[in-house]
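Each chain, letter by letter, is given below.
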Amino acid sequence: MLVLAGILTALSATNVLALPPGVPIAARWLAILAVAAAVAPRRSLTLWIVVSMLVGIELGHDAPGVAMNFKVLSDAFLRLVKTIIAPLVFATLVVGIAGHADLKQVGRMGLKALIYFEVVTTFALFIGLAAINLTKAGVGISQAGVKEEALAAAPVQTAADIILHIFPENIAKSVAEGQVLQVVIFAILFAIGLALTPERPRRVMLEFCESLSEVMFKFTNVVMYFAPLGVGGALAYTVGKMGFAPLLNAVQLLFTLYGALIAFVLLVLLPVALLARIPLRRFIAAVAEPVSIAFATTSSEAALPRAMEAMESIGVPRRIVAFVMPTGYSFNLDGTTLYLSLAAVFVAQAAGVPLTFGQQLLMVFTLMLTSKGVAGVPRASLVILLATVASFNLPAWPVFIILGIDALMDMARTAVNVLGNCLASAVVARWEGEFVDNYQEPEPKVLA
């Protein structure tokens, strides 16, 4: 049905076939209804987002004046997402740092793992910046008034102003104003203080933060049920006001991300594996299944059990796997961090707001901190991305264009997340001198 509607639209647009204007429109709406009927029995949020995208695009094309009124749906969804940011970032960072960074418990292995995580994810962020600045996927989107409004909202700041802006003076004020970097700094200092407190009060507060993070995960799931309405409303407004140009930029962004992820694997992960003397053939054979699971399900958690087994099978001791892999799911999100830096600059390019290299470095620093600890949240990158662009006085509407292709982007970045964590466990094992070369799995015992 979609193919037929597309053919009729193309023939009518090129004047190859003289059709009444209402025929292609009716064909497209019937095709969308057919897709919705096929999706209805399935409880898949991604599929419903796709349907809402089609409805929003078609409505924006057919009735721009009506479509402009649907911006209220995207604004409402945006407000709901903003309520998640501060408690989610605070709780996950406190649990991640206070729960893992006690060097008396984790010793050398914990310190080495954290150093490795930060170095590799920083490379990922810079590759993302380089890729988006090279392709300029967001440049060329025109929206009347956005550029001027965004530039007016960003006053000139000295270096001292930027540094002072990082540190909170009132955490409640920081939360209310959506100053995510200030919330991050407060959470880090709070977590360090918590790690230094006696066992009993530390355990109580840590359990509270763990409970808060779990509740916020579920709260995020609930809010994401409104995503189809938000995405549909945003695309209806965008197409109604700007036409199809933003969608072409979104496709360019998709290719930019895949190219950047491939470059990251070849330029960072491969040299790291060679330097750590990881047996590449055995490693690739071991990670093929968990990476495939992550790519297909867009869930790192779905691949975790098989990934841990796979790394044990090539000679990484279980105690190292058990520590590095779960910790990496909070601190070593290579694919997600690359995507975030790339997407944040795309938003600035789409809005026509030039960012200096210094501003992009500050954005990298912000993303390096805010991307920790939210791997378990579906579409968590949306939450972090919206928080980051808000911190830099950038508009939110380009984020909804990105969300339209987020499912395709999520597949690749999740696969790279799993691949990076598998490699991290092998590297830490080699660094600790405990990687077992030529490891042979024990034969299963046969009961007589």
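This structure is a prediction, so every number in the text was calculated from the model and none was measured. (Residues numbered from 1 in each chain as written. Predicted model: local features only at pLDDT ≥ 70, side-chain atom pairs only at ≥ 80, totals over all residues. Heavy atoms only, no water.)

A. Here's a closer look at the overall build of the protein chain. Secondary structure assignment for the protein chain yields 21 helices and 0 strands. Burial analysis of the protein chain (448 residues in total) assigns 49% to the buried set. Counting contacts in the protein chain only where the partners sit at least 6 residues apart, residues at least 24 apart contribute 83% of the total. By element, 69% of the accessible surface of the protein chain is carried by carbon and sulfur atoms, the whole surface being about 21000 Å². (Helix = DSSP H or I, 4+ residues; strand = E, 2+ residues; numbered from the N terminus. Buried < 20%, exposed > 50% of the residue type's maximum accessible area, 1.4 Å probe, protein only. Contact = heavy atoms within 4.5 Å. Areas by Shrake-Rupley, 256 points an atom, 1.4 Å probe, with all protein chains shown as cover.)

B. Region of interest: the confidence of the model for the protein chain. Mean pLDDT over the protein chain works out to 78, with 80% of the residues at or above the 70 mark. Ranking the elements of the protein chain by mean pLDDT puts helix α7 (residues 146-152) last, at 38, and helix α13 (residues 245-275) first, at 90. Low pLDDT, under 50, characterises residues 144-157; the predicted model gives this stretch 14 contacts beyond four residues in sequence or across chains. Note on residues 444-448: pLDDT under 50 across the span, and 0 contacts to partners over four residues away in sequence or across chains. (pLDDT = per-residue confidence, 0-100.)

C. View of helix α17 (residues 334-351). The terminal C-alpha atoms of α17, which comprises 18 residues, lie 26 Å apart, in line with the 26 Å expected from a rise of 1.5 Å per residue. The buried fraction of α17 is high, at 18 of 18 residues. The positive-phi residue at the C-terminal boundary of α17 is Gly352, with phi of around 75°. (Expected span 1.5 Å × (residues − 1).)

D. Quick look at the UniProt feature "transmembrane region" (unreviewed entry) in the protein chain. Taking the UniProt record as the reference, the feature "transmembrane region" (unreviewed entry) is found at residues 28-55, 76-101, 113-134, 180-198, 219-239, 251-276, 338-362 and 382-405. Helix makes up 90% of residues 219-239 and strand 0%. Its end C-alpha atoms lie 30 Å apart. Between the C-alpha atoms that bound residues 338-362 the distance is 15 Å, and the span itself is 80% helix and 0% strand. (UniProt positions renumbered as here; feature names shortened; annotations may be inferred.)

E. Spotlight on the environment of Ile85. Along the chain, Ile85 falls in helix α5 (residues 71-100). Assessed through its relative accessible area of 11%, Ile85 is described here as buried. Between the C-alpha atom of Ile85 and that of Val183, which follows or precedes it by 98 residues, the distance is 9.5 Å.

F. How the structure looks around the packing of aromatic side chains. Counting across every chain of the model gives 4 aromatic pairs. For the pair Tyr116 and Phe117, a centre-to-centre distance of 6.3 Å together with 65° between the ring planes defines the contact as edge-to-face. An identical accessibility class is assigned to Tyr116 and Phe117; each is buried. One aromatic cluster is present, formed by Phe90, Phe186 and Phe190 through successive ring pairs. Above the face of the Tyr237 ring, Lys71 is positioned so that its terminal group lies 5.5 Å from the ring centre. Its guanidinium or amino end placed over the ring of Tyr339, Arg413 lies 4.0 Å from that ring's centre, counting from NZ or CZ. (Phe/Tyr/Trp six-rings, centres within 6.5 Å; stacked < 30°, edge-to-face > 60°. Lys NZ or Arg CZ within 6 Å of the ring centre and 35° of its normal.)

G. Representation of the packing of α17 against helix α18 (residues 357-370) within the structure. Relative orientation of the contacting elements α17 and α18 amounts to 135°, with a least axis distance of 10 Å. Relative to α18, the element α17 lies oblique. α18 is crossed by α17, and the crossing has right-handed handedness. Contacts between α17 and α18 pair Leu340, Ser341, Ala344 and Val345 from the former with Gln360, Met363 and Leu367 from the latter. Of the residues that constitute the contact of α17 with α18, the class distribution is 5 nonpolar, 2 polar and no charged. (Axes fitted to C-alpha atoms, helices over the stretch in contact; angles between N-to-C directions. Parallel < 35°, antiparallel > 145°, perpendicular 65-115°, else oblique. Left-handed = near helix turned anticlockwise from the far one by under 90°. Nonpolar A, V, L, I, M, F, W, Y, C, P; charged D, E, K, R; others polar.)

H. Examining a nonpolar patch on the surface more closely. Where nonpolar side chains cluster on the molecular surface, the patch consists of Leu80, Val222, Tyr225, Phe226 and Leu229 and spans about 500 Å² of accessible area. Inspection of the secondary structure assignment puts Phe226 in the loop between α11 (199-224) and α12 (227-242). Phe226 sits in the partly exposed class, given a relative accessible area of 40%. (Patch = residues over 30% accessible without salt bridge, like charges linked within 9 Å, V, L, I, M, F, W, Y side chains within 5 Å. Salt bridge = Lys/Arg side-chain N within 4 Å of Asp/Glu carboxyl O.)

I. Representation of the pattern of salt bridges in the model. Considering all chains together, one arrives at 6 salt bridges under this definition. Salt-bridge contacts for Arg203 lead to Glu199; the nearest nitrogen and oxygen are separated by 3.8 Å. With Arg203 and Glu199 both in helix α11 and 4 residues apart, the pair spans about one turn of that helix. Residue Glu199 is classed as partly exposed on the basis of its relative accessible area of 45%. Across the salt bridge formed by Asp410 and Arg413, the nearest N and O atoms sit 3.3 Å from each other. One end of the pair is Asp410 and the other is Arg413, both in helix α21 (residues 406-431) and 3 residues apart, which spans about a single turn. No difference in accessibility class separates Asp410 from Arg413, as the two residues are buried. Among the charged side chains, a network of salt bridges with common partners joins Glu199, Arg202 and Arg203.

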